[in-house]
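# Remarks on the overall topology
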Amino acid sequence: MGRAGRSAVAERLPKLRTDLGLDFVVINGENASGGRGLTGAHARLLFEAGADAITLGDHAFDQKDMLQYAETEPRIIRPLNFAKTAPGKGARVLNATNGRRVLVTQVLGQVFMKRAYDDPFSAVDTALKTHGGSVQAVLVDMHCEATSEKMAMGHWCDGRASLVVGTHTHIPTGDAQILPGGTGYLTDAGMCGDYDSVIGMQKLEPLRRFITGMPKDRFEPAAGPATLSGAFVETDDRTGKAKSITMVRTGGRLQESLPNV
Ligand SMILES: [Fe+2]
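For the structure given in this document, a descriptive report is provided here. Just so it is clear, the model here is predicted, and its values are computed rather than measured.

What counts and what doesn't
- Residues numbered from 1 in each chain as written.
- Predicted model: local features only at pLDDT ≥ 70, side-chain atom pairs only at ≥ 80, totals over all residues.
- Heavy atoms only, no water.
- Buried < 20%, exposed > 50% of the residue type's maximum accessible area, 1.4 Å probe, protein only.
- Helix = DSSP H or I, 4+ residues; strand = E, 2+ residues; numbered from the N terminus.
- Pairing = 2+ DSSP bridges.
- Donors = N, O, S within 2.8 Å, 3.2 Å for Na, K, Ca; no water.
- Axes fitted to C-alpha atoms, helices over the stretch in contact; angles between N-to-C directions.
- Parallel < 35°, antiparallel > 145°, perpendicular 65-115°, else oblique.
- Left-handed = near helix turned anticlockwise from the far one by under 90°.
- Contact = heavy atoms within 4.5 Å.
- Disulfide = S-S within 2.5 Å.
- Core = buried A, V, L, I, M, F, W, Y, C linked by side-chain atoms within 4.5 Å.
- 1 Å grid on protein atoms, 1.4 Å probe; cavity = no way out; pocket = protein on both sides within 12 Å on 5 of 7 lines; lining within 4 Å.
- Points joined across faces, edges and corners; volume = space filled by probe spheres on them.
- Nonpolar A, V, L, I, M, F, W, Y, C, P; charged D, E, K, R; others polar.

### Re the pairing of strand S11 (residues 242-250)
In regular strands, side chains alternate between the two faces of the sheet. Buried residues dominate S11, accounting for seven of its nine residues. The pairing of strand S10 (residues 228-235) with S11 spans eight bridges and is classified as antiparallel. Within the sheet, the bridge partner assigned to serine 229 lies in S11 and is arginine 249. As consecutive antiparallel partners, S10 and S11 are separated by six residues, and within that stretch glycine 240 has a phi angle of approximately 75°, a positive value.

Okay, structure coming up:
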């Protein structure tokens, strides 16, 4: 989320990669540029910090150069069920360490979203059937507002994905678990950003709009010290299922939480 979030990732991810022995890192980057979308330059910065893939979301193309960048950079994953004419791809098989392959896919939910997106469940089903058999791990990013819809997606993919993780609400949830079929699940990974804010934006303008119903200024990302927030998952190469899932929080205002490895 904005400059604060980018800085937290750039400062903290390289050490996390080493300390936790990370084989594959996915960042949701759709609010990394001024809180709206992602520029190619900022995507490169996140890749340099240690991301292996970047997912987008409903703000996928708010920064116009992403229209072209998504076509040329295979590590960018836009929502599978975005507009049919959207550039880029919503599912990719990418390389992790030691020759292992990871399917990364993202879908948008339908509940409380700005637009009526196509059915995310059938879209994910097709991606899993197309690519799921040839990889060691599968990550599904469920980008939506409703916790119920995210949990439903977790169960829809249970046993077929290594991890179903929610993004978009910017608030980390406390329900990390392994579902009965072996899929790691977390309703929302939370944001990398300044939590002295309203979901990453400076507080004053959102408060004004909630209280008066009238806008006055633009939303601007909060610029204080940021917390890096996410999830750490260990998977079984043979089955693709999760062996453990732990929430990760470091820096900024939120209480520190790091896996013991
Ligand atoms: Fe979003």
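Don't stop here, the text continues.
### Considering the coordination of the iron ion
Taken together, the protein ligands of the iron ion are Glu30 (OE), Asp58 (OD), His143 (NE2) and His168 (ND1), with distances of 1.9 to 2.1 Å. Mapped onto the sequence, the donors of the iron ion take the spacing E-x27-D-x84-H-x24-H. Residue aspartate 58 is found in the loop between strand S2 (53-55) and helix H3 (66-72), and its partner histidine 143 is found in strand S6 (residues 137-143); the two are separated by 85 residues along the sequence. Judged by relative accessible area, which is 0%, histidine 143 ranks as buried.

### Describing the packing of helix H4 (residues 120-131) against helix H5 (residues 147-157)
Between H4 and H5, whose axes approach to 11 Å, the crossing angle comes to 30°. Overall, the two elements H4 and H5 adopt an arrangement that is roughly parallel. H4 and H5 meet at a crossing whose hand is right-handed. In contact with Pro120, Phe121, Val124, Asp125 and Leu128 of H4, H5 contributes Glu149, Ala152, Met153, Trp156 and Cys157.

### Regarding the state of the cysteines
Summed over all chains, the structure comprises zero disulfides. Unpaired in this structure, cysteine 157 has its nearest cysteine sulfur neighbour in cysteine 144, at a distance of 12 Å. In this structure cysteine 192 is not part of a disulfide, and its nearest cysteine sulfur, from cysteine 144, lies 18 Å away. Judged by relative accessible area, cysteine 192 falls into the buried class, the value being 19%.

### Side note on the nonpolar core
With 49 residues, the main nonpolar core has Leu38 and Ile76 as its most contacted residues. If you list the elements that add at least two residues to this core, you get helix H1 (2-20), helix H2 (40-49), H3, strand S5 (101-108), H4, S6, H5 and S10. When sequence neighbours within four positions are dropped, the list of residues in contact with isoleucine 76 reads Leu38, Ala43, Phe47, Ile54, Leu56, Met66, Tyr69, Ala70, Lys89 and Arg92. By size, the runner-up hydrophobic cluster in this structure holds 15 residues, among which are Leu139, Leu163, Val165 and Ile245.

### Re the layout of surface pockets
Where empty space is left becomes clear once a probe the size of a water molecule has been rolled over the atoms. Reported here for the second largest pocket is a volume of approximately 500 Å³. For the lining of the second largest pocket, the residue count by class is nine nonpolar, six polar and six charged.

### As for unusual backbone geometry
Positive phi outside glycine occurs at phenylalanine 112, with the angle close to 60°. With respect to the secondary-structure elements, phenylalanine 112 resides in the loop between S5 and H4. Of note in the backbone geometry, isoleucine 199 takes a positive phi value of approximately 40° without being a glycine. Relative to the helices and strands, isoleucine 199 resides in the loop between strand S9 (184-186) and helix H6 (204-212). Taking relative accessible area as the criterion, isoleucine 199 reaches 42% and is therefore assigned partly exposed.

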